[in-house]
Structure formats: C-alpha cells, structure tokens
Amino acid sequence: MTIVTEPISAAQLDGLAGEDAVRVVDTRPLAAFNGWRLDSEARGGHIPGAIAIPADWLPRLEDADLQELLRSHDLHAGSLVVLVQGEADSTALTAALEGLGAHVRVLDGGWPAWIADPERPVDALPLHEQLVFPDWLQAVLDGDRPEAAPAGPHLLFHVNFGVPEEYADGHLPGAIYLDTNWLEDPADWNRRSPEELDLALRRLGITTAT
C-alpha cells in the first residue's frame, strides 16, 4: 500500500509550535527519541511535545492495539499530525491516522532538518544514557567506543526475580546472573542492609566502595 503525504518544512513546523490541534509523532527508534545520536547527528532527542510511536513497533501491534495507542495520545479527527520519520516503514501508522480523520503531513528532511538550526529546541529523556539499547550494548561488547561508553571496566548482568532457570536456558555471552532477591528482602521488598548488599556484590566479584 502506498500513501502519499504532503511534506512540511522544519521552519513551517517551528511556526506551528503551541498550536493545540498540531501533534508531532516521532516514528524513529525509541533510543533516538530518548536522546541517543544514532547516526552521529549533532543532537539527539525529539521535538518538544512530540509523541513516540516507533515504526518498528507497528508489525507487533494488532489493529485494535494501534487504534487504542492513537486514542491514548489524543490523536483524532481534525488533528494535524506531523510525522518525523526514520528508515522504518510507517505506512500502517499513516493509514491508521488518516482512518481516524487526521490530516497527516511528513517533516521534510526528518530529524536532520529540524536540528539543522541550532536555535530550534530539542527535548530528551533525562539521564537517557542510563537506558541503553541493543546496538549500543553490542558495540561495547565488541570493544568499540559508542556514545557514552563506560570509561573503565564494565560488567553485564542478567537480572531477574528468582528464576535462575531462565539464565540457564540462555543469556548474553559474558552476562553474570543477578537475582533481585539478593538485593531486596522478599519479606517486605525493602532494600537489604548495607552489609547484605556488600556481601551479595562481593559474591559477584564486585568490590564496593568503603
């Protein structure tokens, strides 16, 4: 299915800032929306007020789920929806939005066009560097130095709640098993004492600061 949408320039979109009927939907990978510079852009993040609906989610969503997602973001008939597209196909999203009666336009030039003007505002998830994504982790495991790579030695943990058989069934190479019961007391789910935490970490080969 081919859907032709009218483009809108970054300058035109900038001029619509604050308009109640305008919704910006970012279809790029969630990591890019959160703040990572996936293609070495000058800035990562998203247009202030934008909604994240990554195109790579679409194949996993049933039609009813997608409709509910759109409604939850107040996307409806009469809205002007501007898509900030990445490489993944967002045709299904465009069709669903037009089915709601929204007027869909596409940001001409995408994210690079928006950040070409350093005066245009950009938002990002606070501390997004602590929420890494698979390609970043693979790069670190391969010995590369991606954005915000750890400065020194690092450890990889497979974390779950009392299910060691999951770790036995399969885990990332080099990952150490960590049961959250070692850090929280199941009696009240509060964090264990400093002494117990220190012991748990030392058993994993981690020396805690004194």
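As a reminder, the structure under discussion sits directly above these lines.
Residues numbered from 1 in each chain as written. Predicted model: local features only at pLDDT ≥ 70, side-chain atom pairs only at ≥ 80, totals over all residues. Heavy atoms only, no water.

**Student:** Describe the pairing of strand E5 (residues 103-107), naming the residues involved and giving the relevant values.
**Tutor:** Along E5, four of the five residues are buried, which leaves the element largely enclosed by surrounding structure. In the sheet, strand E1 (residues 6-8) pairs with E5 via three bridges, with the strands oriented parallel. In the strand pairing of E5, Glu6 is matched with Arg105. Where strand E4 (residues 80-84) lies against E5, four bridges are found, and the strand directions are parallel. Across the sheet, the residue bridging to Val82 is Arg105, located in E5. Read from E4 through helix H4 (residues 91-100) to E5, the crossover connection turns out right-handed. (Buried < 20%, exposed > 50% of the residue type's maximum accessible area, 1.4 Å probe, protein only. Helix = DSSP H or I, 4+ residues; strand = E, 2+ residues; numbered from the N terminus. Pairing = 2+ DSSP bridges. Right-handed = clockwise from strand over helix to strand, strands pointing away.)

**Student:** Run through the side chain of Thr180, naming residues and quoting values.
**Tutor:** With respect to the secondary-structure elements, Thr180 resides in the loop between strand E7 (176-179) and strand E8 (184-185). For Thr180, a relative accessible area of 19% corresponds to the buried category.

**Student:** Explain the side chain of Arg120 to me, using residue names and the numbers behind them.
**Tutor:** Here Arg120 lies in the loop between helix H5 (110-115) and helix H6 (134-141). Within the local environment of Arg120, its side chain forms a polar contact with the backbone oxygen of Trp114, the two atoms lying 3.1 Å apart. Setting aside anything within four residues of it in sequence, one finds Arg120 in contact with Ala10, Ala11, Asp14, Arg43, Ala113 and Trp114. (Polar contact = N/O pair within 3.5 Å; in protein donor to acceptor, adjacent residues only side chain to side chain. Contact = heavy atoms within 4.5 Å.)

**Student:** Give me the lowdown on the packing of aromatic side chains, citing residues and values where you can.
**Tutor:** This structure, assessed with the given rule, holds five aromatic pairs. Judged by centre distance (5.4 Å) and plane angle (70°), the rings of Trp36 and Phe133 are edge-to-face. Of this pair, Trp36 sits in the loop between helix H2 (30-34) and strand E3 (51-52) while Phe133 sits in the loop between H5 and H6, placing them 97 residues apart in sequence. Of the two residues, Trp36 and Phe133, neither departs from the other in class, the shared state being buried. An aromatic cluster of three or more residues is present, and its members are Trp36, Phe133 and Trp136. (Phe/Tyr/Trp six-rings, centres within 6.5 Å; stacked < 30°, edge-to-face > 60°.)

**Student:** Any details on the pairing of E7? Residues and values, ideally.
**Tutor:** Two faces make up the sheet, and in a regular strand the side chains alternate between them. Pairing between strand E6 (residues 157-160) and E7: four bridges, direction parallel. Its bridge partner being in E7, Phe157 is matched across the sheet by Ile176. One crossover worth recording links E6 to the parallel E7 by way of helix H7 (residues 164-169), and it is right-handed.

**Student:** Got a sec to walk through the packing of helix H3 (residues 63-72) against H4? Specific residues and values, please.
**Tutor:** Running from N to C, H3 and H4 cross one another at 65°; their axes reach a closest spacing of 11 Å. In this structure, H3 meets H4 at a crossing whose hand is right-handed. Facing Leu66, Gln67 and Leu70 of H3, the residues of H4 in contact are Ala92, Leu93, Ala96, Leu97 and Leu100. Of the residues assigned to the contact of H3 with H4, the class counts are seven nonpolar, one polar and no charged. (Axes fitted to C-alpha atoms, helices over the stretch in contact; angles between N-to-C directions. Left-handed = near helix turned anticlockwise from the far one by under 90°. Nonpolar A, V, L, I, M, F, W, Y, C, P; charged D, E, K, R; others polar.)

**Student:** Residues and numbers for the sheet that holds strand E2 (residues 22-26), please.
**Tutor:** Pairing is parallel in the open sheet, where five strands are placed in the order E1-E5-E4-E2-E3. Two strands lie at the open edges of the sheet, namely E1 and E3, each paired on one side alone. Each of E2, E4 and E5 is contacted by H4, which is oriented at about 175° to E4, the strand it contacts most.

**Student:** Hey, could you go over the environment of Leu199 for me, with residue numbers and the actual values?
**Tutor:** Within the fold, Leu199 resides in helix H8 (residues 194-203). A residue is classified by how much of its surface remains accessible, and Leu199, at 41% relative accessible area, is partly exposed. As a C-alpha pair, Leu199 and Val22 span 177 residues in sequence and 54 Å in three-dimensional space.

Distances and angles like these do not, on their own, reveal function.
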